[in-house]
Amino acid sequence: MEIRDNDKICIFAPLGGKLDNRESQRLLKEISSERRQIGIDLKYVYDCTIDFIETLKTVAMTKQISIFNIPSDIFVLFNVMRLDRTVNLYVSELDFEESQRRLINREFKLV
C-alpha cells in the first residue's frame, strides 16, 4: 500500500489488484489512526469484495472518506449499494484535493 500525505490530506493507494478482507483490515488499521482528510486512490484496483464495502461503511460513520480513480465496474457496484451517500466519490485526485465535482447518483424517475 502506498501512502502519500501532506499537512492537510492523506491518500492511501492499495497496490494490489483485489481488495479483499485482508487488504480491508490493513486499510482500516491505517485509516483509524489518521486525523487528516482521507482519500483512497483505486487506480490499481480492478476488483473488490463485500468485505471492503462493509469496511468502508463502518469507517465512514466516524470519519469522512473520499474515493477517486474508481474503475467503472466498481463504480457501478458503489452506485447500486448507494455508497455515494456515505463516502465522497470523485473522478480524479485533483477533484478530491479541490473538493469539487463530486460524483452523485441522482436516480431520476419519470412520473
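Residues numbered from 1 in each chain as written. Predicted model: local features only at pLDDT ≥ 70, side-chain atom pairs only at ≥ 80, totals over all residues. Heavy atoms only, no water.

### Let's talk about the pattern of salt bridges
As a reminder, the rule being used: Here, a salt bridge means any side-chain nitrogen of Lys or Arg that lies within 4 Å of a carboxyl oxygen of Asp or Glu. Exposed residues in this analysis have more than 50% of their type's maximum accessible area, buried residues have under 20%, and partly exposed residues fall in between, with area computed by a 1.4 Å probe over protein chains only.
According to the stated counting rule, one finds 9 salt bridges in the structure shown. Here Arg22 and Glu23 are joined by a salt bridge, their closest N and O atoms 3.2 Å apart. Since its relative accessible area comes to 59%, Arg22 is described here as exposed. Relative accessible area serves as the criterion here: at 11%, Glu23 is assigned to the buried category. Among the salt bridges present, the one from Arg101 reaches Glu98, with a minimum N-O distance of 3.1 Å. By relative accessible area, which is 48% here, Arg101 ends up partly exposed. With a relative accessible area of 39%, Glu98 lands in the partly exposed category.

### Here we look at the nonpolar core
Going by this rule: Here, the term nonpolar core denotes a set of buried Ala, Val, Leu, Ile, Met, Phe, Trp, Tyr and Cys residues that are joined through side-chain atoms within 4.5 Å. Helix numbers and strand numbers start at the N terminus; a helix is a DSSP run of H or I with at least 4 residues, a strand a run of E with at least 2.
If you look at the biggest cluster of nonpolar residues, it comprises 23 residues, and the most contacted ones within it are Ile40, Leu42, Phe52, Leu56, Ile67 and Phe78. Only strand E2 (9-13), helix H1 (21-32), strand E4 (37-41), helix H2 (50-60), strand E6 (65-68) and helix H3 (72-80) provide two or more residues apiece to this core. Top contributing element to this core by residue count: H2, with 5 residues.

### Some points on unusual backbone geometry
Its identity as a non-glycine residue notwithstanding, Arg82 has a phi of 55°, on the positive side. Checked against the element boundaries, Arg82 lands in the loop between H3 and strand E7 (88-89). The phi torsion at Ser99 lies on the positive side, around 55°, for a residue other than glycine. Position of Ser99 relative to the elements: it lies in the segment after helix H4 (93-98).

### Overview of the sheet that holds E7
Applied cut-off: One requirement defines pairing of two strands: DSSP has to find at least two bridges between them.
Reading across from one edge, E1-E2-E4-E6-E7 is the order of the 5 strands in this open sheet, with mixed pairing throughout. The open sheet is flanked by strand E1 (2-5) and E7, the only strands paired with a single partner.

### A few points about the packing of aromatic side chains
Condition: Stacked, tilted and edge-to-face pairs are distinguished by plane angle, under 30 degrees for stacked and over 60 for edge-to-face with tilted covering the rest, among Phe, Tyr and Trp rings (Trp via its six-membered ring) whose centres lie within 6.5 Å.
Applying the stated criterion across every chain, the model contains 2 aromatic pairs. For the ring pair Phe68 and Phe96, a centre distance of 5.3 Å and an interplane angle of 20° mean the geometry is stacked. Of this pair, Phe68 sits in strand E6 while Phe96 sits in helix H4, placing them 28 residues apart in sequence. Aromatic rings pair up to connect Phe68, Tyr90 and Phe96 into one cluster.

Any functional reading would require information beyond the geometric quantities listed.
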